[in-house]
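These are the residues of each chain, in order.
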Protein chains: 2
Amino acid sequence: MPQQYLNQVLPIFSWIKHYTRKNVADDFMAGSIVAIILIPQSMAYAMLAGLPPQLGLYSSVVPLMLYTFFGSSRALAVGPVGLVSLMTGATLIKLAPQNEQEVINISVTLALMTGIILLAIRAAKLSAITKFLSHPVMSGFTSAAAIMIMLSQVKHLIGIDLPSDPNALITIGSIFEHLSQANIAALFIGFSGITLLLYIRKPLGLFLKSKGIGTPASRNALSRCGPFFLAVIGIVFTWLLSLHEVFALSIVGAIPSGLPGLSLPQTQWSLIIQLLPSALLIAIIGFFESVSVAKSLASRKRERINADQEALALGVANIGASFSSGMPVAGGFARSIVNFSSGATSPMSGFISGLFVAFSLLFLLDIIYYLPRAILAAIICVAVTGLIDWRAMHEAWVYNKADAAALIITFVCVLVFGIEPGILAGVLYSIGQYLHRSSKPHIAVVGRVGNSEHYRNIERHQVMTHEKILLLRIDESLYFANTNYLEVNMINLIADNPKVSDVVIICSAVNFIDTSAIQSLETIAFLLKKANIKLHYAEIKGPIMDRLIKSNVIENICTGNIFLSTHDAMLELTDTIETRNKPKAAA
Amino acid sequence: MPQQYLNQVLPIFSWIKHYTRKNVADDFMAGSIVAIILIPQSMAYAMLAGLPPQLGLYSSVVPLMLYTFFGSSRALAVGPVGLVSLMTGATLIKLAPQNEQEVINISVTLALMTGIILLAIRAAKLSAITKFLSHPVMSGFTSAAAIMIMLSQVKHLIGIDLPSDPNALITIGSIFEHLSQANIAALFIGFSGITLLLYIRKPLGLFLKSKGIGTPASRNALSRCGPFFLAVIGIVFTWLLSLHEVFALSIVGAIPSGLPGLSLPQTQWSLIIQLLPSALLIAIIGFFESVSVAKSLASRKRERINADQEALALGVANIGASFSSGMPVAGGFARSIVNFSSGATSPMSGFISGLFVAFSLLFLLDIIYYLPRAILAAIICVAVTGLIDWRAMHEAWVYNKADAAALIITFVCVLVFGIEPGILAGVLYSIGQYLHRSSKPHIAVVGRVGNSEHYRNIERHQVMTHEKILLLRIDESLYFANTNYLEVNMINLIADNPKVSDVVIICSAVNFIDTSAIQSLETIAFLLKKANIKLHYAEIKGPIMDRLIKSNVIENICTGNIFLSTHDAMLELTDTIETRNKPKAAA
C-alpha cells in the first residue's frame, strides 16, 4: 500500500527501476544542453520580472530537482518562463517595493502562494479549471505578452533606465521620448545579438552537419544554443575591450556567489492578501502553459500526461523556489522542446540542468560579471517571438469570427488594461459568446431524404415532406436562455404552415431540458392543443426521457406520442392521418 | 405611413376603431372592480416602499391612463406592485434620506430612471435581456420577496415603529425584541383582517351566487374585492369607536387632497449614479413580471403580447409616474387576473381604474383618513402569499436538482444578502451550472436498432455493433470548455476497444464546433492515425459543414470519410473492412 501510494505521488519510483546507463548518458546530454540555454535565460527572465539576476539562477536549481521526483513529463523543462516572469514583474510594479529586500520578499511570497494554490488545485482535483482558458484567449494573451516582454526589454537594448509601466502605449511613448539618450554600445550589441540569434540557427545546424558532429536531434538542439554562444561572445568582448568602462555599457555585474540558502519565507498577511489575485492567475496560467507543453511533447511519443500530477509537481517546484529565495516557475515551451529533441529520457535531465546551474553559481559568477544586459535582452526578445501565434490568429479568423474576436479582445485588453483585466475580458467574452449562441438555437424543418430513414433540413437537401406533418429539429439543449426564442419561433413556424395537424419535435440534438424549458414546452403544447394541433416528440435521449418519466411532466408537454425515431413518427402519423380522413371521404 | 407608424407605437389606434358600446360597459365594470382593490393596495405598497401613502395613489392615475394608449395587453393592470415596491424600499433604506422631500425626490427619480431604462430596452430591442432570469431564479426571488414583504409588514400588524432592515434575520430579531410593546388594537385588527381575507373569498362567492348577483366571472372578481370590504369595515369601526385615539391605533391620517401636480422631476447627477444599479434591476424585474403576467393571460385567449411594445408602454407609464410625483410601477399579477376575469376587453379598463383613483384623491381622503395601517398591512400580507411558488419548488426538486439548487441559492441569498446580490448569485449559478453541464458532454457508443437505419446507445437499447467499427455519438456542441474532457474520454473509449480500426464521430447532437475544439479534433485525429485507426464523421450539420469546408480544416480533423448518415457510415465501412480482409483470407 505505501509503495503504491509513493509511486503515485512520486512518479520517480516508477521509472527509476528501469533506469539504465544509456538513460543516464542521454539525460546528461539533454540536461547539459538545457542548462547552457537556461543560465543566461533565467537571469534574463529575472530581469524581466524586475528582480536581481541571481533570483533567476536560484529558481533554476531546487525547483528543477524537485520536479525530477514529482513530475510526470519526461520532457518538461521547469524554471523561470516568459509569461510567468512578465506577470511577476507586473505584480511588482503594482506593489512598488522600496528596496531590494522588499523586492525579494514579494518574489518568494508569490512563489510560495503559487505553489500552495497549485497544491490546492491538485487536492481539489480542479485541474479542469484551465478549461475556461480557451485557445483564442490564451493565444491573444501570449501574443500580447510577447509584445509586452519585448517592449520591456527595449530599455536594456538601448541602454537607458526607463520606468516600467504595464501599459504598452505608455512604454512606447517613453521609449521614443528617451531615444536620443541611447547608449551606442548597448544598441550595437543588442541588435547584433538579435540578428545573430535569429539567423544563426540554420547555418549552425548545417555547419555541425557538415562536420558530422552529433545526431540530427542533438545537432538540432545544439543549434538552439545560440543564447549560450552569444553570451560567451558578449562576455569575452566586454572583458577584452572593457566596454562597461569605456562605453558605460550596462553589465550583469557582481552577484553574491554561492548557492541560495534554504530558508522559510518571511511574509505578512497583508502582503498575501494583496498578492492573491496575481498568484491565482500566475498559478493557473503557468499550469496551463506547462500542461499544454508537456501534453504536446508527450503526444509525439504517444505517452500520457497526468494533469493532476503536474499540478502537484509544479506546486512543489514553486514552493521549492520560494524556500531557496527564487521566483515563480513553470514549464517553459522553448527549453522543453530543446530538452525533448536533445533526447531526454526522464525528468532526470532536469536534475542535471539544476546541477549545472548550481555549478555556475559556485564557480562562474566572476565570468558572468561581464555579461552585457543588452545581450540578455536580445536573448529574451528572440525567445518570445515564438509566443506570437500568427497561425492561430489566421485560423480563428477564417474559421470563426467570434473566436477571432475573443482573441483580439484579449490581445488588446491585455496591452491596454493589463494582464488580469485582459484575460478576464477574454474569458467573459468567450462565455458570453457561447451563451449568446446557444440562446438562439437553429430550428430546422426536416424531411425524408429519398427512400432512406434519414431526415434532413428541407432548405439544404432534396427531401420529401407531408403537408399535414411538421417535423422540427431543434439544434440545441433547451434551457432558460433560449426558452423564449423557442416559443416565439415555434409558434411562427406553425403559423407559416396552416395545414399542419401534427408537429413533431425531433430531439436528436437536444442534450438537456431544464425546468424553464419544460414550462415553455407546456405553454407550446397548450397553445397547439387550442388550435387542434397535436405535439409529438421523436429521438428523445435516454437521460432526458428518464427525467421526464420520473417527474410526470410528459402529459403536460406532449399531446401526441413519443416516437423512438423520426422515421417511426413519419410512418405512424401518415397512417393515422389517412385513417382520420377516410370516413370523411366516405361521407 | 404616419398612420401605420402611429398604430405601431400607439396600439390604441388599432383597437379603438372596433370599440363598441358593449366594450365600454365591460371595461367600466372591470376597471371599477380593479380600482376598488387598487385604492387600498396602492397605499399599502407605498407604505411597503417606505413612502407616504398618497404616492401609491398618485402612481395609480397617470401611469394607468398612459398605458391605455401604449399597452398591447388588454388585461395587464399597471400600478404599484409588490416586488417593485420592495426593491424601491430597499433602495430608500440604503440612501437613508433625511426628510420626506428627499424621500419623494428619490422615488420620482427612480421612476424616471426606470422609465428611461425601459425605453432604452425598447430602443435597443433588448427585451431578450430577461432571458437570463431563469424560472428557478425568478421563483426563488419572488418567494424570498414575499417573505421579506410580510416581515416588513409585521411592524404595522403589531403597531410598533421598527427600523426597516434589508436583512430578514435582523428584522426577525428586532420583531421578537419589541414584541412585548405590541399595540393590542393593531394586533387584533391586523390578524382578524388576514383571517377574513384568507377565508372570505369562497363564502362571498357562494353568497353572491345564491343571491343571483352578476355573472360567474364578475362574481369571481367581486369575491376578490375582500381588501375593499375590509378597508370599509376598518374605516367604519375606527371612526365609530375612535380607535386611533382610544388605543393609539396607527391610521393613514391626513393626506394632502387633490390630484398630483404634473412637474419635471428635480434631481442631481450624483443621485442618478447612486440609483443606477437599483433602477436597472427594478426595470428588468418589473418588465419581466409584467410580460410574464400579460403573456400568461393573453395565451388564455390565444392572443399575442409584443414584449418590445410592453417595454415602451411600461417605460412611458413609469415616466408618467415620475412626472406626477409617484413611484416605479409595473403590471401586477393579482390585479391583472381580477381585471381579466372581470371581463376587461381592452386597456381602456385601466383608464377607468385611473379615473376612480383620481376621484378618490379628490373626494374620499377624509374617509380614507380613518383607515388603520394594520389593515393595509393585512392586505399586503395576503396579496403576496400568492408569490410563494410551492409548485415550482416541488417541480424543480423532482425534475432537476440543479434547478432546485438555483432556486434555493437565490431564495437564501436574497433573504440574507439582499435583493441584488441574491438575484446575481442565482443568475451566475444558473449560467455556471449550464457551462458545467456542457463541459462534461455525454458520449454514447451506439449500435443499430434491429434492421432499422436507427442507431442508439448500446447501454440502453438492444442493438447490433461491429467489433472493428466504433460509433461514438457526442451529445454536446464542441467548444473550449469541453475539449479537454472530449480528448481524454475519446482516447479512453478507444483504448477500451482494442480491435477497432475505424471510429465514427456522430455529430447529430453537435450544433457548433469552435476553434479550440477543432484543435482538439486535430490532436485526436493525429493520435488515432499513429495507432492506424481511421477517424470518420457522420451527420455533420449544414452550418458546421460550411465552416469546415471554408477553412480547409477537414483534412486535419478527418483521416477517413464524412458520411451523411450513421447508417451510410456503417454500411460502407463494413464493406471496406470486408474487402480489406479478403486478400488476407485468400493469402
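Since the model is a prediction, treat every value here as computed from it, not as a measurement.

Parameters and conventions
Within each chain, residues carry numbers counting from 1 in the order of the written sequence. Naming scheme: in the order in which they are written, chains are lettered from A and ligands are numbered from 1. In view of the model being predicted, local features appear only for residues whose pLDDT reaches at least 70, and side-chain atom pairs are presented and counted only at 80 or more, with totals across whole chains, interfaces and linings using the full set of residues. Processing note: side-chain calculations cover all non-hydrogen atoms of the structure and skip hydrogens and water entirely. Only buried residues count toward a nonpolar core. Its members are Ala, Val, Leu, Ile, Met, Phe, Trp, Tyr and Cys residues joined through side-chain atoms within 4.5 Å. Exposure is judged per residue with a 1.4 Å probe applied to protein chains only, and the accessible area is read against the type maximum: over 50% gives exposed, under 20% gives buried, and values in between give partly exposed. We call two residues in contact whenever any of their non-hydrogen atoms come within 4.5 Å of each other. A run of H or I in DSSP becomes a helix once it reaches four residues, and a run of E becomes a strand once it reaches two; helices and strands are each numbered from the N terminus. When the strands point away from the viewer, a crossover counts as right-handed if the route from the first strand across the helix to the second turns clockwise. Strand pairing is assigned whenever DSSP identifies at least 2 bridges connecting the two strands. Only Phe, Tyr and Trp rings are paired, with Trp represented by its six-membered ring, and only when their centres lie within 6.5 Å; those with planes under 30 degrees apart are stacked, over 60 edge-to-face, the remainder tilted. Fitting of the copies onto one another was done by least squares over C-alpha atoms, counting residues only where both copies have pLDDT of at least 70. Note: the arc covers the axis-to-C-beta directions of the helix. Between N or O atoms, a polar contact is any pair within 3.5 Å; within protein, one atom must be a potential hydrogen donor and the other a potential acceptor, and residues adjacent in sequence are included only when both atoms are from side chains. A score between 0 and 100, pLDDT records how confident the predictor is in each residue. Buried area: the accessible area, evaluated with a 1.4 Å probe, that two parts lose upon being put together, summed over both parts. The term salt bridge refers to a side-chain nitrogen of Lys or Arg lying within 4 Å of a carboxyl oxygen of Asp or Glu. In this classification, Asp, Glu, Lys and Arg are treated as charged, Ala, Val, Leu, Ile, Met, Phe, Trp, Tyr, Cys and Pro as nonpolar, and every other residue, Gly included, as polar.

A. The arrangement of the nonpolar core in detail. By size, the foremost hydrophobic cluster in this structure holds 257 residues, and its most contacted members are Phe 141 and Ile 419 of chain A together with Phe 141 and Ile 419 of chain B. Apart from the residues within four sequence positions on either side, Ile 419 of chain B is in contact with Leu 86, Met 87, Ala 90, Phe 141, Met 148, Leu 281 and Val 414 of chain B.

B. Molecular detail of the pairing of strand 8 (residues 534-538) of chain A. Residues and elements named next belong to chain A. Judged by how many residues are buried, strand 8 sits mostly within the fold: four of five residues are covered. In terms of handedness, the path from strand 7 (residues 502-506) via helix 24 (residues 515-530) over to strand 8 forms a crossover that is right-handed. Here strand 8 pairs with strand 9 (residues 562-563) via two bridges, running parallel. Among the inter-strand pairings, Tyr 537 is bridged to a residue of strand 9, identified as Ile 562.

C. Region of interest: the packing of aromatic side chains. A complete count under the given rule lists 17 aromatic pairs over all chains for this structure. Centroid distance Phe 228 of chain B to Phe 229 of chain B: 5.5 Å. Interplanar angle 70°. Geometry classified as edge-to-face. Taking relative accessible area as the criterion, Phe 228 of chain B reaches 30% and is therefore assigned partly exposed. Look at Phe 229 of chain B and you get partly exposed, because its relative accessible area is 33%. Chaining the aromatic ring pairs together yields one cluster made of Tyr 434, Tyr 479 and Phe 480 of chain A together with Tyr 434, Tyr 479 and Phe 480 of chain B.

D. Examining the relation of the copies chain A and chain B more closely. Superposing chain A onto chain B takes a rotation of 179° plus a shift of 0.0 Å along the axis, which leaves an RMSD of 0.1 Å. Accordingly, the operation relating the two chain copies is best matched by a two-fold axis. Residue Ala 509 of chain A, judged by its C-alpha, is the member of chain A lying nearest the rotation axis, at 1.8 Å.

E. A look at helix 9 (residues 168-178) of chain A. Residues and elements named next belong to chain A. Every buried residue belonging to helix 9 is among Ala 168, Thr 171, Ser 174 and Ile 175, and all of these are buried. Along the long axis of helix 9, the arc covered by the buried residues comes to 130°, so they all point the same way. Helix 9 presents Leu 169, Phe 176 and Glu 177 as exposed residues on the side facing more than 90 degrees away from its buried surface. Residues of helix 9 that are buried sit in contact with helix 8 (135-157) and helix 21 (401-417).

F. Spatial organisation of the side chain of Ser 107 of chain A. Residues and elements named next belong to chain A. Along the chain, Ser 107 falls in helix 7 (residues 100-123). A relative accessible area of 1% means that Ser 107 is categorised as buried. A polar side-chain atom of Ser 107 sits 2.8 Å from the main-chain carbonyl oxygen of Gly 326. Setting aside residues no more than four positions away along its own chain, Ser 107 makes contact with Leu 51, Leu 55, Gly 326, Met 327 and Pro 328.

G. Seen up close, unusual backbone geometry. Residues and elements named next belong to chain B. Backbone geometry places Ser 242, a non-glycine residue, at a positive phi of 45°. One can find Ser 242 in the loop between helix 12 (226-241) and helix 13 (243-246). The exposure class of Ser 242 is partly exposed, given its relative accessible area of 24%.

H. Here's a closer look at the confidence of the model for chain A. The share of residues in chain A with pLDDT of 70 or more is 96%, and the mean pLDDT across the chain is 85. Interface predicted TM-score (ipTM) for the complex: 0.72; the corresponding pTM is 0.74.

I. Representation of the interface of chain A and chain B in the model. Across the contact, 69 residues belong to chain A and 69 residues belong to chain B. Both faces combined, the contact of chain A with chain B buries some 6,500 Å², and carbon together with sulfur accounts for 55% of it. Three residues stand out in chain A for area buried against chain B, namely Tyr 399, Tyr 434 and Phe 480 of chain A, and they jointly supply 13% of the buried area on that side. The tally of links from chain A across to chain B stands at four salt bridges. In this structure, the salt-bridge partner of Lys 541 of chain A is Asp 475 of chain B, at a minimum N-O distance of 3.1 Å. Counting the contacts that link chain A with chain B gives 21 residue pairs in polar contact (both at pLDDT 80 or more). Secondary-structure elements contributing two or more residues to the side of chain A that touches chain B are helix 8, helix 14 (269-300), helix 20 (390-399), helix 22 (419-438), helix 23 (483-496), helix 24 and helix 25 (542-550) of chain A. Of all the elements, helix 24 of chain A adds the most residues to the side of chain A that touches chain B, at eight residues. Residues belonging to the side of chain A that touches chain B are distributed by class as follows: 25 nonpolar, 21 polar and 23 charged.

J. Summary view of the pattern of salt bridges. All chains considered together, the criterion is met by 12 salt bridges over all chains. Among the ionic pairs, Asp 26 of chain A bridges to Lys 22 of chain A, the shortest N-O distance being 2.6 Å. Separated by four residues within a single helix, Asp 26 of chain A and Lys 22 of chain A lie in helix 3 (residues 21-48), roughly one turn from each other. Salt bridges sharing common partners tie together Arg 473 and Asp 475 of chain A together with Lys 541 of chain B.

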